[in-house]
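# Coordinate inspection notes
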Amino acid sequence: MKKIIQISEAVSLALHGMGILASSETGRVTVKEIAEITQTSEAHLSKVFQRLAKGGLVLSIRGPKGGFELAKPPEEITLLDIYKAIEGELTTETCFLQSGTPCPFGRCIFGNLVEDLTRQFLEHLEKTTLRDIKSNLSYKQ
């Protein structure tokens, strides 16, 4: 069965990691530091940040003082940008029947609820930037 709104572990790590990166006083954070703060796998975070780098959202800096930096100012990176870098386009398809056949009902049994929730979720991701969430974070390097 299709889920209404799904946030994968990779997206969750990306959103939290980017929030930590945006709130860093130095502007650069290592995967190891993010893994310690989020209590998650360094290996998994590394893969997530590789996708964020490929998506043009972070820069990878090598060397002893290396780590990751935002590729753009926090006000130019939306939560939707982060979501797309990890999962691709967010689907707004709301029908749970995936058989390709027309719905047996004249109207969705959920009414507009699923469509409305999906639209609200998408709008929140589109309008919320890292700058917006930065003030909610208590992480300090």
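Please refer to the structure higher up on the page.
Residues numbered from 1 in each chain as written. Predicted model: local features only at pLDDT ≥ 70, side-chain atom pairs only at ≥ 80, totals over all residues. Heavy atoms only, no water.

## Some details on the overall build of the protein
The helix and strand inventory of the protein stands at six helices and two strands. From first element to last, N terminus to C terminus, the protein shows the α and β order α-α-α-β-β-α-α-α. Counting over 141 residues, the protein shows a buried share of 35%. Residue pairs at least 24 apart in sequence account for 71% of intrachain contacts in the protein once pairs closer than 6 positions are excluded. When the accessible area of the protein is evaluated, it comes to approximately 8900 Å², of which 51% is carbon and sulfur surface. (Helix = DSSP H or I, 4+ residues; strand = E, 2+ residues; numbered from the N terminus. Buried < 20%, exposed > 50% of the residue type's maximum accessible area, 1.4 Å probe, protein only. Contact = heavy atoms within 4.5 Å. Areas by Shrake-Rupley, 256 points an atom, 1.4 Å probe, with all protein chains shown as cover.)

## Here's the deal with the packing of helix α1 (residues 9-23) against helix α2 (residues 31-38)
Between α1 and α2, the shortest axis-to-axis distance is 10 Å and the interhelical angle comes to 115 degrees. Judged by the inter-axis angle, α1 sits roughly perpendicular to α2. Between α1 and α2 the crossing geometry is right-handed. Contacts between α1 and α2 involve His16, Gly17 and Ile20 on the former and, on the latter, Ile34, Ile37 and Thr38. By residue class, the composition of the contact of α1 with α2 is three nonpolar, three polar and no charged. (Axes fitted to C-alpha atoms, helices over the stretch in contact; angles between N-to-C directions. Parallel < 35°, antiparallel > 145°, perpendicular 65-115°, else oblique. Left-handed = near helix turned anticlockwise from the far one by under 90°. Nonpolar A, V, L, I, M, F, W, Y, C, P; charged D, E, K, R; others polar.)

## A look at the nonpolar core
Core analysis: the biggest nonpolar cluster contains 33 residues, and Met18, Leu21, Val48, Phe49, Leu52, Ile82 and Leu130 have the highest contact counts within it. When residues of this core are traced back to their parent elements, those giving at least two are α1, α2, α3 (42-54), β2 (67-70), α4 (79-87), α5 (113-127) and α6 (130-134). No other element matches the nine residues that α1 contributes to this core. Leave out the neighbours within four places in its chain, and Ile82 touches Ala14, Leu15, Met18, Leu52, Leu57, Ile77 and Leu130. (Core = buried A, V, L, I, M, F, W, Y, C linked by side-chain atoms within 4.5 Å.)

## Points about the environment of Cys108
For Cys108, the location among the structural elements is in the loop between α4 and α5. Sequence separation between Cys108 and Cys95 is 13 residues; the distance between their C-alpha atoms is 7.9 Å.

## Some thoughts on the packing of α3 against α4
Two quantities define a packed helix pair, namely the angle between the axes and the distance from one axis to the other. Direction vectors running N to C along α3 and α4 enclose 110 degrees, while the axes themselves pass 9 Å from each other. As summarised for this structure, α3 and α4 are arranged roughly perpendicular, according to the angle between their axes. Handedness of the crossing formed by α3 with α4: right-handed. The residues of α4 that touch α3, namely those facing Val48, Arg51 and Leu52, are Ile82, Ala85 and Ile86.

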